[in-house]
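Residues per chain are reported as follows:
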Amino acid sequence: MSSDVAISVRDLNKIYGVGSKNEKVALNNISLQVKKGSIFGLLGPNGAGKSTFINILADLVRKTSGHIDIFGMSHHENLKDVKKLMGIVPQELNIDPFFTPYELLEIQAGLFGVPKNNRRTNEILELLALEDKSHAYARTLSGGMRRRLLIAKAMVHNPEILILDEPTAGVDVELRQNLWGNIRELNKLGITIVLTTHNLNEAQEMCSRIAIINKGNLVALDSTQKMLERIEGKIIKFKVKDSKNFEKIKLDGVKFTKSNGQITASYDKKKIKFDQIIDKVKNNVEILDISTDEGDLEDIFLQVTNK
Ligand code: ADP
């Protein structure tokens, strides 16, 4: 069974500067599992503890307590083996400017002890749409290309799990979709993806499952679908010809408000149906236009982080 689970984390704690006056709890009893082959998002505002989490997995930060298993193997006891299973893509876009992508991948493969015969340098460059830039100086690469090169570097040892810290930081908005596409392609090859983000849209677009952390605490953990279903509130906006009959529009469980030429209904979608509200408004005023607002992860995020 454990092979279905790529990463299992139990009661993970990290306190920086234990005993000092700057003691800081960065992770507080985090438990979660990442399913093999999934795209898992670790979502939270700045300072939530996302990088700390990733850095512990990457063995760059030492946990204070807790257990981590990678494909059923203790992270702590099999550090060398588990590191081979993971590719870590750091947040910074620092790349040695005087090497080419080809050279950088070769150097990285050397560091991981990948024998020359087993290297897949060209294949990886192609996978990340960098084949045209194989022999260009890294300093000439755009933000999006640099990010892809960092992903390529993390792939040289053929990891089963790819961990990306804020993958779209420093990437132009137009190029984000491309990058998401690249990451999805890697996932289709069977690679488990874990990414951190403070961008709700990114998490919603990319991830099948999401953990939300805030100030070191796990505040929500669910499938993206379920997270979205959790949002109870929904809004309908009516553009109306005139709202002189506004006072007559009353329905249990719905809050109607009006402002210049518009009536807004906010309601709990579990309790009342869309049609009922439409009918009520239609019977009293002339509707010119209707728009709805589904609510998104932003709402969940506000709900769970404001507690
Ligand atoms: P995120 O990646 O979600 O922005 P971090 O993991 O970087 O959050 O930080 C979590 C908390 O731990 C923050 O309050 C941060 O200031 C603190 N922190 C991070 N690194 C260190 C460190 N090396 N020493 C002390 N505190 C740290």
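Please refer to the structure higher up on the page.
Now for a quick tour of the structure. Small disclaimer: the values here were computed from a predicted structure and weren't measured.

1. Thoughts on the sheet that holds strand β7 (residues 161–165)
- Across the sheet, which stays open at both edges, the six strands sit in the order β6-β7-β8-β3-β9-β10 with mixed pairing between neighbours. The open sheet terminates on both sides in strands that have one partner only, identified here as β6 (86–89) and β10 (217–223). Between one strand and the next, the sheet's axes are offset by a mean angle of 15°, whatever the strand orientation.
- Across four bridges, strand β3 (residues 39–43) lies against strand β9 (residues 209–214) in parallel orientation. Paired with Leu 43 across the strands is Ile 212, a residue of β9.
- Strands β3, β7 and β8 (192–197) of the sheet are contacted by helix α6 (residues 173–188), whose axis makes an angle of about 150° with β8.
- Contacting β3, β9 and β10, helix α10 (residues 297–305) crosses the sheet at an angle of about 40° to β9.

2. Re the site of the ligand
- Taken together, Tyr 16, Lys 24, Ala 26, Pro 45, Asn 46, Gly 47, Ala 48, Gly 49, Lys 50, Ser 51 and Thr 52 form the complete shell of residues around the ligand.
- One of the backbone N or O atoms of Lys 50 is found 2.9 Å from an oxygen atom in the ligand.
- Within the backbone of Ser 51, one N or O atom sits 2.8 Å away from an oxygen atom of the ligand.
- For the ligand, whose free accessible area comes to 560 Å², the fraction covered by protein is 60%.
- Those elements that place two or more of their residues in the shell around the ligand are β2 (24–35) and α1 (50–57).
- For the shell around the ligand, the leading source of residues is α1, giving three residues.
- Taken together, the residues of the shell around the ligand sort by class into four nonpolar, five polar and two charged.

3. Here's the deal with the pattern of salt bridges
- Counted by the stated rule, this structure contains ten salt bridges.
- Linking Glu 185 and Lys 188 is a salt bridge whose minimum nitrogen-to-oxygen distance equals 3.4 Å. Highlighted residues: Glu 185 and Lys 188, both in helix α6, separated by three residues, approximately one helical turn.
- Across the salt bridge formed by Lys 244 and Asp 242, the nearest N and O atoms sit 3.7 Å from each other.
- A relative accessible area of 69% places Lys 244 in the exposed class.

Criteria and cut-off values
Residue numbers here run from 1 along each chain, matching the order of that chain's written sequence. Reporting of local features is limited, given that this is a predicted model, to residues whose pLDDT is at least 70; pairs of side-chain atoms are given and counted only at 80 or more, and all residues count toward the totals for whole chains, interfaces and linings. Excluding hydrogens and water, the side-chain values take into account all heavy atoms of the structure. Here a strand pair is declared whenever DSSP counts at least two bridges between the two strands. By the criteria applied, helices consist of DSSP H or I runs no shorter than four residues and strands consist of E runs no shorter than two, each listed in order from the N terminus. Axis definition: a line fitted to C-alpha atoms, limited for helices to the stretch in contact. Angles are taken between N-to-C directions and run from 0 to 180 degrees. We call two residues in contact when some of their heavy atoms are within 4.5 Å. Whether a residue is near a molecule or strand depends on its heavy atoms: if one lies within 4 Å, it is near. We define a polar contact as two N or O atoms separated by no more than 3.5 Å, with the added condition that, inside protein, one atom must be a possible hydrogen donor and the other a possible acceptor, whereas residues neighbouring each other in sequence contribute only through side-chain atom pairs. Accessible surface area values rest on a Shrake-Rupley calculation with a 1.4 Å probe, where residue burial reflects the displayed protein chains alone. Three classes are used: nonpolar for Ala, Val, Leu, Ile, Met, Phe, Trp, Tyr, Cys and Pro, charged for Asp, Glu, Lys and Arg, and polar for all others, with Gly counted as polar. Salt bridge, as used here, is a side-chain nitrogen of Lys or Arg placed within 4 Å of a carboxyl oxygen of Asp or Glu. Relative accessibility thresholds used throughout: buried, under 20% of the residue-type maximum; exposed, over 50%; partly exposed, between the two (1.4 Å probe, protein chains only).

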